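What follows is the residue order along each chain.
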Amino acid sequence: MSLEGKYYQMCSAHWEADSATFHLRLLPQCEVYHGHFPGRPVCPGACNIEMLRACFTHWMGRRQYIGAIKQCRMLAVLTPDIDADIEVRINVLGETAGGCQISATLSAAGKTYLEFKGEMLRELA
Amino acid sequence: MTRNEIIEQVNSVLADEFEVEASAFLPEANVKETLSLDSLSLVDLVAIIQQTYKIKIPVTDLRSIQTFDDLYTYIETHLPQ
Amino acid sequence: METIPIEALIPQRDPVLMVDELLEASDDAATTSLTVRDDNFFLDEEGKLAETGLIEHIAQSASALAGYRALRSGAKEAPVGYIGEVKKFRCFRRPAQGEVLHTEIRQGAEVGGVAIVDGKVEVGGELVAQTQLKIYVKPD
């Protein structure tokens with residue numbers, strides 16, 4: 001389910017030590033908006049979490065899985081007509097047996113739309 | 001349950017749920033501000049009280065609960081006999 | 001329970017309609033099903049339903065319960081629901097293409113249009129995912 005090139009476009013990616021920043025653009029013509037919702041396009045929260053995962057996978061250089069979400073708050077409704085870069089910031093908080101704990105935010109035009117805390121895994125059945 | 005027992009248990013349950021030091025729960029302190037409640041986490045407060053004391057707090061009553069003292073009193077007066 | 005077309009209960013449509021059927025419903029609980037088909041929007045590169053697909057499926061199952069309650073109380077259309085928060089999400093296994101998900105939803109407290117919903121997904125009786133969601137339910 002790669003959403004890159006479908007739901008979003010990656011514009012830039014920078015990381016050092018334990019933190020990374022990505023700039024993305026949403027693609028309003030993505031087919032997801034035919035059904036979410038008909039005549040009223042709204043970015044699905046699940047797709048925004050998927051964008052976080054994809055950025056983290058990009059950073060780690062191999063596929064990463066979402067093993068657990070302690071808390072993911074959707075602070076405002078994001079719509080694809082937003083004329084601004086989406087900024088994703090990810091911090092690695094610590095290693096775990098199968099991966100690591102991360103915190104992440106998704107924001108645009110100075111407004112935070114999503115805050116995420118969870119465990120990413122290198123393997124998932 | 002005595003009022004002091006209620007106070008002790010409520011403070012412990014809320015400190016755990018909202019990850020805030022119980023020492024901040026002064027009787028006259030505002031609950032929403034102290035716990036940094038917004039529309040998303042306000043429902044957690046209602047849920048934790050419902051789960052712990054089997055008390056359903058109607059939205060109309062919620063407005064009258066401003067301070068921790070108000071919360072203790074509400075629980076004290078609505079505990080199932 | 002009489003079968004109500006899922007399109008009457010939730011506003012989502014293809015390609016992200018992530019509930020096939022509302023199997024059972026009561027005031028605060030529901031059971032839904034979904035077959036993981038090869039055109040599922042959330043199917044990943046390994047032919048499995050991605051973790052985020054499980055989250056969307058549980059959220060839409062919660063919306064189906066909200067839609068059922070709304071129609072029963074006379075609403076003309078299903079309300080639009082948004083995920084407000086995901087908490088205590090665990091994915092134990094990603095369901096494979098062709099598998100059938102059975103999902104139990106239980107709604108807890110509701111304040112100011114924000115409802116707490118606990119959901120767990122099983123495949124053939126095996127727990128594959130569980131979470132607690134907050135759903136903003138906006139009457140349409």
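Scroll up a little and you will see the structure.
Residues numbered from 1 in each chain as written. Chains lettered and ligands numbered in written order. Predicted model: local features only at pLDDT ≥ 70, side-chain atom pairs only at ≥ 80, totals over all residues. Heavy atoms only, no water.

Trainee: I'd love a proper account of the environment of Ala 84 of chain A, names of residues and values included.
Mentor: All names here are of chain A. Turning to its location among the elements, Ala 84 is positioned in the loop between β3 (65-74) and β4 (86-95). For Ala 84, a relative accessible area of 13% puts it in the buried group. With near-sequence residues (within four places) excluded, Ala 84 lies in contact with Arg 25 and Ala 109. (Helix = DSSP H or I, 4+ residues; strand = E, 2+ residues; numbered from the N terminus. Buried < 20%, exposed > 50% of the residue type's maximum accessible area, 1.4 Å probe, protein only. Contact = heavy atoms within 4.5 Å.)

Trainee: Any details on the pattern of salt bridges? Residues and values, ideally.
Mentor: In the structure shown here, the tally under the stated rule is 27 salt bridges over all chains. The closest approach of N and O atoms between Glu 110 of chain C and Arg 69 of chain C, which form a salt bridge, is 3.8 Å. Of this pair, Glu 110 of chain C sits in strand β4 (residues 100-111) while Arg 69 of chain C sits in helix α2 (residues 51-72), and the two are 41 residues apart along the sequence. Classification of Glu 110 of chain C by relative accessible area gives partly exposed; the value is 39%. Among the residues examined, Arg 69 of chain C registers a relative accessible area of 27% and is labelled partly exposed. Three or more residues joined by partner-sharing salt bridges are found here, namely Arg 73 of chain A, Glu 17, Asp 38 and Asp 44 of chain B together with Glu 85, Lys 87 and Lys 134 of chain C. (Salt bridge = Lys/Arg side-chain N within 4 Å of Asp/Glu carboxyl O.)

Trainee: If you had to explain empty space enclosed by the protein to someone new, which residues and values would you point to?
Mentor: All names here are of chain B. Here the structure, examined in full by the defined rule, presents two cavities of 30 Å³ or more. Size it by volume and the largest cavity reaches roughly 50 Å³. Around the largest cavity, the lining residues are Val 31, Lys 32, Leu 42, Leu 45, Leu 62 and Ile 65. Residues that form the lining of the largest cavity fall into these classes: five nonpolar, no polar and one charged. (1 Å grid on protein atoms, 1.4 Å probe; cavity = no way out; pocket = protein on both sides within 12 Å on 5 of 7 lines; lining within 4 Å. Points joined across faces, edges and corners; volume = space filled by probe spheres on them. Nonpolar A, V, L, I, M, F, W, Y, C, P; charged D, E, K, R; others polar.)

Trainee: Talk me through a negative patch on the surface; I want residue IDs and the actual numbers.
Mentor: A cluster of acidic side chains, namely Glu 7, Asp 14, Asp 38 and Asp 39 of chain C, defines a negative patch on the protein surface. Assignment of secondary structure puts Asp 14 of chain C in the loop between α1 (6-9) and β1 (21-25). (Patch = residues over 30% accessible without salt bridge, like charges linked within 9 Å, V, L, I, M, F, W, Y side chains within 5 Å. Areas by Shrake-Rupley, 256 points an atom, 1.4 Å probe, with all protein chains shown as cover. Lys, Arg positive; Asp, Glu negative; His and termini not counted. Charge placed at Lys NZ, Arg CZ, Asp CG, Glu CD.)

Trainee: With reference to specific residues and values, describe the interface of chain C and chain A.
Mentor: If you look at the interface, chain C gives 36 residues, while chain A gives 33 residues. A combined buried area of about 2800 Å² lies between chain C and chain A, and 56% of that area is made up of carbon and sulfur atoms. Inspection of the region where chain C meets chain A yields five salt bridges. The salt bridge partner of Arg 63 of chain A is Glu 46 of chain C, with a shortest N-O separation of 3.7 Å. Elements represented by at least two residues in the side of chain C that touches chain A include exactly α2, β3 (80-91) and β6 (126-138) of chain C. Element by element, the count of residues in the side of chain C that touches chain A is highest for β3 of chain C, at 12 residues. Of the residues contributing to the side of chain C that touches chain A, the split by class is 16 nonpolar, four polar and 16 charged. Here five bridges tie β3 of chain A to β3 of chain C, and the two strands are oriented antiparallel to one another. (Buried area = accessible area lost by both parts, 1.4 Å probe. Pairing = 2+ DSSP bridges.)

Trainee: Please set out helix α1 (residues 3-18) of chain B residue by residue, giving values where relevant.
Mentor: All names here are of chain B. In this model α1 runs 22 Å from its N-terminal to its C-terminal C-alpha over 16 residues, within 8% of the 22 Å that 1.5 Å per residue would give. When we look at burial in α1, the residues that qualify are Ile 6, Val 10, Asn 11, Leu 14, Ala 15 and Phe 18. For α1, the arc enclosing every buried residue in end-on projection is 150 degrees, short of the 170-degree limit, so these residues lie on one face. Exposed residues pointing more than 90 degrees away from the buried face of α1 are listed as Glu 8 and Asp 16. The inward-facing, buried residues of α1 abut α3 (39-53) and α5 (68-78). Looking one or two places after α1, you find Glu 19, whose phi comes out positive at around 55 degrees. (Expected span 1.5 Å × (residues − 1). Arc of directions from axis to C-beta.)

Trainee: Any details on the packing of helix α2 (residues 45-60) of chain A against α2 of chain C? Residues and values, ideally.
Mentor: With their axes 9 Å apart at the nearest point, α2 of chain A and α2 of chain C run at an angle of 165 degrees to one another. The pairing of α2 of chain A with α2 of chain C is recorded here as roughly antiparallel in orientation. Relative to α2 of chain C, α2 of chain A is oriented so that their crossing is right-handed. Every residue of α2 of chain C that contacts α2 of chain A at Ala 46, Ile 49, Glu 50 and Arg 53 of chain A is listed here: Glu 51, Thr 52, Ile 55 and Glu 56 of chain C. A breakdown of the residues in the contact of α2 of chain A with α2 of chain C according to their chemical character gives three nonpolar, one polar and four charged. (Axes fitted to C-alpha atoms, helices over the stretch in contact; angles between N-to-C directions. Parallel < 35°, antiparallel > 145°, perpendicular 65-115°, else oblique. Left-handed = near helix turned anticlockwise from the far one by under 90°.)

Trainee: I'd like a description of the layout of surface pockets, backed by residues and values.
Mentor: Volume-wise, the largest pocket comes out at about 400 Å³. Considering the residues around the largest pocket, the lining is formed by 16 residues, among which Gln 71 of chain A, Glu 17, Phe 18 and Glu 19 of chain B together with Lys 87 of chain C are closest to the centre. Residues that form the lining of the largest pocket fall into these classes: three nonpolar, three polar and 10 charged. Here the second largest pocket defines a volume of roughly 310 Å³. Lining of the second largest pocket is provided by 15 residues; of these, Ala 47 and Gln 51 of chain B together with Ile 116, Asp 118 and Gln 132 of chain C occupy positions nearest its centre. Counting residues per element, the ones that place at least two in the lining of the second largest pocket are α3 of chain B together with β4 and β5 (114-123) of chain C. The biggest single contributor to the lining of the second largest pocket is α3 of chain B, with five residues.

Trainee: Explain the nonpolar core to me, using residue names and the numbers behind them.
Mentor: Ranked by size, the top nonpolar core spans 82 residues in total, and within it Tyr 7, Ile 49 and Phe 116 of chain A together with Val 86 of chain C carry the most contacts. Among residues more than four places away in sequence, those in contact with Phe 116 of chain A are Ile 49, Leu 52, Ile 69, Gln 71, Cys 72, Ile 102, Ser 103 and Ala 104 of chain A. One finds Phe 18, Val 43, Tyr 53 and Leu 62 of chain B within the second-largest nonpolar core, a separate group that totals 33 residues. (Core = buried A, V, L, I, M, F, W, Y, C linked by side-chain atoms within 4.5 Å.)

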